[in-house]
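What follows is the residue order along each chain.
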Amino acid sequence: MRQTALAKVREVTRRKFEIKISGRSSDYITPSFGFGCLYNCHYCYCKRNRNDGLDIATNVGDILTSINNHAYFYADTPKPNQTHDSLYTYDISCNEDFALHHKYHDWRRIFDFFKEHPKAMATLATKTIPTQYLDYDPQGKVRIRFSLMPQHISSILEPNTAPIIERIKAADAFIDAGYDVHFNFSPVVVYREWIEDYRELFEMVDNYVDYKDIVKAEVIFLTHNEKKHLDNLSNNLPGEDLLWVPKIQEAKTSQYGGENIRYKWQLKDKLIKEWTALHDEIIPWNKIRYIF
Ligand code: SF4
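The structure displayed is predicted, hence computed values, not measured ones.

## Here we look at the overall build of the chain
Reasoning step 1: Check the secondary structure of the chain and you find eight helices and 14 strands.
Reasoning step 2: Its C-alpha atoms give the chain a radius of gyration of 19 Å, near enough to 19 Å, the size a compact globule of 292 residues would have.
Reasoning step 3: Oriented by its inertia axes, the alpha-carbon framework of the chain measures out at about 50 × 50 × 35 Å.
Reasoning step 4: When burial is assessed residue by residue, the chain has 52% of its 292 residues classed as buried.
Reasoning step 5: For the chain, restricting intrachain contacts to residue pairs at least 6 apart in sequence, the fraction spanning at least 24 positions comes to 71%.

Quick look at the structure:
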């Protein structure tokens, strides 16, 4: 019998407190408050090692102490940079969807830490709408990055996640509540009608976001992992033909040794230009922090 999602959540004591350099979505990546994810995106890089279940760290104080020490004594990323003008940005949700797992986390305590910290702020990407956060004001010290892709691709590749239109509409509400909000266009998946679909997506963003001077973007084209690809095939997950297209992809070994494929670099260069031109035609106000 299949376990319920609840039965897959377990509490652990985090023993390692390594803070990694990111340099893109954030300056740094914190030790995992949670490891694993109760969503099941078919392209998920984390799932190559941990296919289901979620570990929640109970020693939150130890993790926060390690972040505090890092921010005071080791963080040396020059400021301003694309992640923030003055604060060190820490991704608290790199190996999970922290917002989806809010009921398992002592999130108010974690947000309080960042809200009060003079040097650090938190950032997290999500595919849910964490309405529970709306009665908390982080005073701009927590950034939520709503992930966006065309809805019909999301429906195939990101089962059970919040509808794309809801993620877009959430931006203004979360800014009103005191959050910093960006869009995370990730992963960009290329298929026959991708440009038409992105046109529709950008038009929705333009129509439903009022805080056009605040919301920025980060953009990451698809990288797919071979182990995850084989796992998807053996589980008959739909959409693998969108993710694994060797004709237009090339092999790449990740810095952590994973065997991955990504769009061929010359093609990718062209795709990035195409995507950016369309983006800048429809939502030029949505400043792109980085794209690759
Ligand atoms: S929400 Fe993020 S961590 Fe969770 S399955 Fe999807 S890609 Fe992976």
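## Let's talk about the packing of helix 1 (residues 60–74) against helix 2 (residues 107–116)
Two quantities define a packed helix pair, namely the angle between the axes and the distance from one axis to the other.
Reasoning step 1: For the pair helix 1 and helix 2, the least separation of the axes is 11 Å and the interaxial angle reads 15 degrees. On the basis of their axis angle, the class for helix 1 and helix 2 is roughly parallel. Here the hand of the crossing between helix 1 and helix 2 comes out right-handed. Contacts between helix 1 and helix 2 involve Val-60, Gly-61, Leu-64, Ile-67 and Asn-68 on the former and, on the latter, Arg-109, Ile-110, Phe-113 and Phe-114.
Reasoning step 2: Classifying every residue of the contact of helix 1 with helix 2 gives six nonpolar, two polar and one charged.

## A word on the pattern of salt bridges
Reasoning step 1: Applying the stated criterion across every chain, the model contains 14 salt bridges.
Reasoning step 2: Ionic pairing is found between Asp-27 and Lys-79, a salt bridge with its closest N-O pair at 2.6 Å. In this pair, Asp-27 is assigned in the loop between strand 2 (20–21) and strand 3 (28–29) and Lys-79 in the loop between helix 1 and strand 6 (88–91), connecting sequence segments 52 residues apart.
Reasoning step 3: Since its relative accessible area comes to 2%, Asp-27 is described here as buried.
Reasoning step 4: A network of salt bridges, in which partner residues are shared, links Asp-91, Arg-145, Glu-218 and Arg-289.

## Observations concerning the site of the ligand
Reasoning step 1: Contacts to the ligand come from Cys-37, Tyr-39, Cys-41, Tyr-43, Cys-44, Lys-47, Glu-96, Asp-97 and Lys-127.
Reasoning step 2: Considering only residue class, the shell around the ligand consists of five nonpolar, no polar and four charged.

## Structural notes on helix 6 (residues 226–234)
Reasoning step 1: Within helix 6, the full set of buried residues consists of Lys-228, His-229 and Asn-232. The buried residues of helix 6 all sit within an arc of 105 degrees when viewed along its axis, so they share a single face. In helix 6, the exposed positions that point more than 90 degrees away from the buried face belong to Lys-227 and Ser-234.
Reasoning step 2: The elements touched by buried residues of helix 6 are strand 11 (223–225) and helix 7 (240–243).
Reasoning step 3: With a side-chain oxygen positioned 3.0 Å from the backbone nitrogen of Lys-227, the residue opening helix 6 is Asn-225.
Reasoning step 4: Once helix 6 ends, the next one or two residues include Asn-236, with phi positive near 55 degrees.

## Notes on the packing of aromatic side chains
When we look at a pair of aromatic rings, we describe it by the centre distance and by the angle of the planes.
Reasoning step 1: For the structure shown, the criterion picks out 26 aromatic pairs.
Reasoning step 2: Seen in terms of ring centroids, Phe-111 and Tyr-133 are 5.0 Å apart; in terms of plane orientation they differ by 70 degrees. Their pairing is edge-to-face. Of this pair, Phe-111 sits in helix 2 while Tyr-133 is found in the loop between strand 7 (120–126) and strand 8 (142–147), placing the two residues 22 residues apart along the sequence.
Reasoning step 3: Given the relative accessible area of 0%, Tyr-133 is considered buried.
Reasoning step 4: Relative to Phe-114, the ring of Phe-113 lies with its centre 4.9 Å away and its plane at 85 degrees, an arrangement referred to as edge-to-face. For the pair Phe-113 and Phe-114, one class covers both residues: buried.

## Topic: the sheet that holds strand 11
Reasoning step 1: Spatial strand order, 11-13-12: three strands in an open sheet with antiparallel pairing. At either margin of the open sheet sits one strand with a lone partner, and together these are strand 11 and strand 12 (249–253). Neighbour-to-neighbour, the strand axes of the sheet open up by a mean angle of 35 degrees, direction not taken into account.
Reasoning step 2: Across five bridges, strand 12 lies against strand 13 (residues 259–263) in antiparallel orientation. Bridging across to strand 13, Glu-250 finds its partner in Arg-262.

The rules behind these values
- Residues numbered from 1 in each chain as written.
- Predicted model: local features only at pLDDT ≥ 70, side-chain atom pairs only at ≥ 80, totals over all residues.
- Heavy atoms only, no water.
- Helix = DSSP H or I, 4+ residues; strand = E, 2+ residues; numbered from the N terminus.
- Rg over C-alpha atoms; globule rule 2.2 N^0.38 Å.
- Buried < 20%, exposed > 50% of the residue type's maximum accessible area, 1.4 Å probe, protein only.
- Contact = heavy atoms within 4.5 Å.
- Axes fitted to C-alpha atoms, helices over the stretch in contact; angles between N-to-C directions.
- Parallel < 35°, antiparallel > 145°, perpendicular 65-115°, else oblique.
- Left-handed = near helix turned anticlockwise from the far one by under 90°.
- Nonpolar A, V, L, I, M, F, W, Y, C, P; charged D, E, K, R; others polar.
- Salt bridge = Lys/Arg side-chain N within 4 Å of Asp/Glu carboxyl O.
- Near = heavy atom within 4 Å.
- Arc of directions from axis to C-beta.
- Polar contact = N/O pair within 3.5 Å; in protein donor to acceptor, adjacent residues only side chain to side chain.
- Phe/Tyr/Trp six-rings, centres within 6.5 Å; stacked < 30°, edge-to-face > 60°.
- Pairing = 2+ DSSP bridges.

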